[in-house]
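Structure at a glance
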Amino acid sequence: MQILDGKLAAQSIKDTLQKKISELPIGFRKPCLAAVLVGNNPASETYIGSKIKNCQEVGFESRLIRLPENCSENILLDAISSLNADSTVDGILVQLPLPKHISESKIIELIQPGKDVDGFHPVNAGKLMLNEPCFVPATPYGIMLLLSHFQIETSGKHAVVIGRSNIVGRPMSVLLSQPGNQGNCTVTVCHSKTPDLPYFTRQADIIVAAIGKPEFLKADMVKEGAIVIDVGINRVEDKSKKSGFALKGDVDFDAVSKKSAWISPVPGGVGLMTIAALLTNTYRAFEHHQQKN
Ligand code: NAD
């Protein structure tokens, strides 16, 4: 078993970005990511904090716009409009989930597609389907970068993606089936209504588990020599930890790793790649804005 080490792969991407920033002429504007956080959900706080910290590490500018949990939809829409109009902002991300009284789709659809570094805007989602240049959602994009870093050959393989969310499972299935590097797979998408899930997963050369259930994928669901990518981030109560919880993936790592050829750990796998992909998207938005000006 070999580890798809997100720490190594993400660091290599961040080193490349950092070098690009250090080569910008003195006084030149740096790429800038604006993150919007509504309320103070502890997991969202952690994710946003980590994204901002990673921007600083590579030398990007970042802005954090905090709004209270009870802020109106119009206030959030106004905040997005200002960021759209601000020529010093390259990427905009709105941390999800939003409070129930705010329409996520309305907010996402207002973000300028050229600044939509999360790749959630319908224009980017549509272009992804058409295999046109676009911002790809950071988690599936990060998985593609992880596969590429470890030179995993995917062409002709059978990939089973478990989960069909708009931010992970669905775009992941599109990317793996596209022509090109780390694509060319035959893809099966499984979800909560799939009967006999193990029937499908046991046939898989590659499994991407994006379910949201701790240690859901067991060893008897995986064939010998499979490549297993664990997207799950689940907080499981653990009184021995200072925080009171431990992070678990969707894969029973200890058992599955004994059978798999490659496996990504949690933490230290896809989560770090998601941030590296977000930074890559932000840098691309920055380059594009430079070319336009
Ligand atoms: P989601 O809840 O939107 O989707 C979960 C999917 O799992 C659904 O499509 C559902 O059909 C499927 N599912 C649920 N139960 C199932 C079952 N018994 N059998 C087969 N399929 C089943 O979740 P999501 O946003 O796609 O996230 C999935 C997981 O990935 C979560 O743990 C989330 O925290 C994590 N995540 C991690 C990152 C990262 O950066 N590593 C990013 C996004 C999400």
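Per chain, the residues get numbers from 1 upward, laid out in the order the sequence is written. Local features in this predicted model are restricted to residues of pLDDT 70 or higher, and side-chain atom pairs are both shown and tallied only at a pLDDT of 80 or more, whereas totals for entire chains, interfaces and linings draw on every residue. The side-chain numbers reported here are obtained from all heavy atoms of the structure, hydrogens and water having been left aside.

A closer look at the sheet that holds strand S6 (residues 186-190)
Pairing is parallel across the open sheet formed by 6 strands, whose spatial order is S1-S11-S8-S7-S5-S6. Because the sheet does not close on itself, it has two edges, and the strands there are strand S1 (2-3) and S6. Of the pairings in the sheet, the one linking strand S8 (residues 227-230) to strand S11 (residues 262-263) comprises 2 bridges and is parallel in character. Across the sheet, the residue bridging to valine 228 is isoleucine 263, located in S11. In what follows, residue pairs with any heavy atoms lying within 4.5 Å of each other are defined as contacts. Inter-axis angles, ranging from 0 to 180 degrees, are taken between N-to-C directions of lines fitted to C-alpha atoms, where helices are fitted over the stretch in contact. Strands here are runs of E lasting at least two residues and helices are runs of H or I lasting at least four, both read from the DSSP assignment and numbered beginning at the N terminus. Against the sheet, helix H7 (residues 169-177) contacts strand S5 (158-162), S6 and strand S7 (206-209), and its axis sits at roughly 170° relative to S5. In this description, strands pair whenever DSSP reports at least two bridges between them.

Remarks on the site of the ligand
Residues are counted as near a molecule or strand when any one of their heavy atoms sits within 4 Å of it. The environment of the ligand is formed by 21 residues, the closest being Arg164, Ser165, Ser192, Val231 and Thr274. Here a polar contact means two N or O atoms within 3.5 Å. Within protein one must be a hydrogen donor candidate and the other an acceptor candidate, and residues neighboring in sequence count only if both atoms are side-chain atoms. Within the side chain of serine 165, a nitrogen or oxygen atom sits 2.5 Å from an oxygen atom of the ligand. Note that an oxygen atom of the ligand is positioned 3.0 Å from one of the backbone N or O atoms of serine 192. Residue burial considers only the protein chains on display, and all accessible areas are found by Shrake-Rupley using a 1.4 Å probe. The protein chains hide 74% of the 860 Å² of surface that the ligand would expose on its own. The element that contributes the greatest number of residues to the shell around the ligand is helix H10 (residues 270-292), accounting for 3 residues. Only Asp, Glu, Lys and Arg are considered charged in this grouping, and only Ala, Val, Leu, Ile, Met, Phe, Trp, Tyr, Cys and Pro are considered nonpolar; every other residue, Gly among them, is considered polar. Tallied by class, residues from the shell around the ligand come to 9 nonpolar, 10 polar and 2 charged.

Some words on the domain arrangement of the chain
As used throughout, domain bounds are those supplied by an automatic or database domain assignment. By domain assignment, the chain separates into domain 1 (25-112) and domain 2 (138-271). Distance from the C-alpha centre of domain 1 to the C-alpha centre of domain 2: 28 Å.

Concerning the sheet that holds strand S3 (residues 61-67)
Picture the strands of a sheet paired through backbone hydrogen bonds; they go either parallel or antiparallel. Strand order in the open sheet made by the 3 strands is S3-S2-S4, with parallel pairing throughout. Across the chains shown, the open sheet's two edge strands, defined by having one partner strand only, are S3 and strand S4 (91-94). Between one strand and the next, the sheet's axes are offset by a mean angle of 15°, whatever the strand orientation. By the bridge criterion, 4 bridges tie strand S2 (residues 32-38) to S4 in an arrangement that is parallel. If you follow leucine 33 over to S4, its bridge partner there is glycine 91.

Things to note about helix H3 (residues 73-85)
Here the expected length of a helix is defined as 1.5 Å per residue gap, with one fewer gap than residues. When the terminal C-alpha atoms of H3 are compared, their 19 Å separation across 13 residues agrees well with the 18 Å that a helix rising 1.5 Å per residue should span. All buried positions along H3 are accounted for by Glu73, Leu76, Leu77, Ala79, Ile80, Leu83 and Asn84. One side of H3 holds all its buried residues, which, seen down the axis, span an arc of 155°. Turned more than 90 degrees away from the buried face of H3, the exposed residues are Asn74, Asp78 and Ala85. Three exposure classes are used, based on accessible area relative to the maximum for each residue type with a 1.4 Å probe and protein chains only: buried under 20%, partly exposed in between, and exposed over 50%. This arc corresponds to the set of directions leading from the helix axis out to the C-beta atoms.

Structural notes on the packing of aromatic side chains
The rule is short: rings of Phe, Tyr and Trp, with Trp giving its six-membered ring, pair when the centres are within 6.5 Å, and they are stacked under 30 degrees, edge-to-face over 60, tilted in between. Tallied over the full model, the rule gives 3 aromatic pairs. Relative to tryptophan 262, the ring of phenylalanine 150 lies with its centre 5.6 Å away and its plane at 50°, an arrangement referred to as tilted. With phenylalanine 150 in the loop between helix H6 (138-149) and S5 and tryptophan 262 in strand S11, the pair connects residues that are 112 residues apart, well separated along the chain. Look at phenylalanine 150 and you get buried, because its relative accessible area is 18%. In this structure tryptophan 262 comes out as buried when scored by relative accessible area, which is 17%. Centre to centre, the rings of tyrosine 199 and phenylalanine 200 are 5.0 Å apart; their planes meet at 85°, and the pair counts as edge-to-face.

Topic: the layout of surface pockets
A cavity here means a set of 1 Å grid points, computed over protein atoms only, where a 1.4 Å probe fits but cannot escape. A pocket is an open set with protein on both sides within 12 Å along at least 5 of 7 lines, and lining residues have an atom within 4 Å of a point. Grid points are joined across faces, edges and corners, and a volume is the space filled by probe spheres set on the points. Computed from the structure, the second largest pocket encloses a volume of approximately 310 Å³. The wall of the second largest pocket is formed by 20 residues, among which Val136, Tyr141, Met144, Leu175 and Gln178 lie closest to the centre. If you list the elements that add at least two residues to the lining of the second largest pocket, you get helix H5 (122-129), H6 and H10. Counting residues per element, the lining of the second largest pocket draws most heavily on H6, which supplies 4 residues. Residues of the lining of the second largest pocket, tallied by class, amount to 9 nonpolar, 8 polar and 3 charged.

Structural notes on the pattern of salt bridges
Whenever Lys or Arg places a side-chain nitrogen within 4 Å of a carboxyl oxygen from Asp or Glu, that contact is recorded as a salt bridge. All told, the structure shown has 10 salt bridges when counted by the stated rule. Of the charged contacts in the structure, one is a salt bridge between lysine 106 and glutamate 73, with a shortest N-O distance of 2.8 Å. Of this pair, lysine 106 sits in helix H4 (residues 104-110) while glutamate 73 sits in helix H3, and the two are 33 residues apart along the sequence. Overall, lysine 106 belongs to the partly exposed group, its relative accessible area being 44%. Look at glutamate 73 and you get buried, because its relative accessible area is 16%. With a closest N to O distance of 3.9 Å, glutamate 215 and lysine 248 form a salt bridge. Of the two residues, glutamate 215 sits in the loop between S7 and S8 while lysine 248 sits in strand S10 (residues 245-248), which places them 33 residues apart along the sequence. For lysine 248, a relative accessible area of 32% corresponds to the partly exposed category. Here the residues in one salt-bridge network are Lys14, Lys53 and Glu57, joined through shared partners.

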